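Spelled out from the first residue to the last, the chains are:
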Amino acid sequence: MATMQHEGFAGNAAPKTLSIAGTEWPLFKLEALAAGLLVLMLVFLVIQTPPVAVLSAAAASAVVWILGSYRQASRSE
């Protein structure tokens, strides 16, 4: 079962995580995977070239992952 943790009312900056099969995943990693899948499907439907779709999805995932980790690090300060 998936459970989600979030910031408390006391202002502590606990990272948002989602428990999947007993493993805690930071939410930004799941957002990056979802963004990559979305870009992969959209680019492949429009251009129909697998290498371009895969590279675009990888770039989108990397950007979302980096921005998410930066956002999480800035919250914990």
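Keep in mind that what you see is a predicted model, and the values were worked out from it rather than measured.

Student: Would you mind showing me how to read a nonpolar patch on the surface here?
Tutor: On the surface, Leu 45, Val 46, Ile 47 and Val 52 cluster together to form a nonpolar patch covering roughly 400 Å² of accessible area. Counting residues per element, the nonpolar patch draws most heavily on helix α1 (residues 27-47), at three residues. Tracing the sequence through the fold places Leu 45 in helix α1.

Student: For this particular structure, what's the right way to read the pairing of strand β2 (residues 17-20)?
Tutor: The side chains of a regular strand alternate between both faces of the sheet. Of the pairings in the sheet, the one linking β2 to strand β3 (residues 23-26) comprises four bridges and is antiparallel in character. Note on β3: the bridge partner recorded for Ile 20 is Thr 23. Taking the residues that link successive antiparallel strands as the turn, the β2-β3 hairpin has two residues, and the phi of Ala 21 there is positive, at about 55°.

Student: Explain the packing of aromatic side chains to me, please; I cannot follow it from the model alone.
Tutor: Counted under the stated rule, the structure contains one aromatic pair. Taking the centre distance of 6.1 Å and the plane angle of 85° together, the rings of Phe 28 and Trp 65 count as edge-to-face. Of the two residues, Phe 28 is situated in helix α1 and Trp 65 in helix α2 (residues 50-76); the sequence distance between them amounts to 37 residues. Overall, Phe 28 belongs to the buried group, its relative accessible area being 9%.

Student: Before we go on, may I ask you to explain the environment of Val 52 in this structure?
Tutor: Looking at the secondary structure, you find Val 52 in helix α2. Using a relative accessible area of 35% as the deciding quantity, one classes Val 52 as partly exposed. Once the C-alpha coordinates of Val 52 and Leu 40 are considered, the two residues, twelve residues apart in sequence, prove to be 8.8 Å apart. With residues near it in sequence (within four places) discarded, Val 52 still touches Val 43 and Ile 47.

Student: I keep staring at the packing of α1 against α2 and nothing clicks. Help me out?
Tutor: When two helices pack together, their arrangement is given by the angle between the helix axes and the distance between those axes. For the pair α1 and α2, the least separation of the axes is 8 Å and the interaxial angle reads 155°. If you check the angle between α1 and α2, you find them roughly antiparallel. Crossing angle aside, the handedness with which α1 passes α2 is right-handed. Of the residues in the contact of α1 with α2, the class split is 16 nonpolar, six polar and three charged.

Here is what the cut-offs are and how they apply
Residues numbered from 1 in each chain as written. Predicted model: local features only at pLDDT ≥ 70, side-chain atom pairs only at ≥ 80, totals over all residues. Heavy atoms only, no water. Patch = residues over 30% accessible without salt bridge, like charges linked within 9 Å, V, L, I, M, F, W, Y side chains within 5 Å. Areas by Shrake-Rupley, 256 points an atom, 1.4 Å probe, with all protein chains shown as cover. Salt bridge = Lys/Arg side-chain N within 4 Å of Asp/Glu carboxyl O. Helix = DSSP H or I, 4+ residues; strand = E, 2+ residues; numbered from the N terminus. Pairing = 2+ DSSP bridges. Phe/Tyr/Trp six-rings, centres within 6.5 Å; stacked < 30°, edge-to-face > 60°. Buried < 20%, exposed > 50% of the residue type's maximum accessible area, 1.4 Å probe, protein only. Contact = heavy atoms within 4.5 Å. Axes fitted to C-alpha atoms, helices over the stretch in contact; angles between N-to-C directions. Parallel < 35°, antiparallel > 145°, perpendicular 65-115°, else oblique. Left-handed = near helix turned anticlockwise from the far one by under 90°. Nonpolar A, V, L, I, M, F, W, Y, C, P; charged D, E, K, R; others polar.

None of the figures reported here should be taken as evidence of function without further support.
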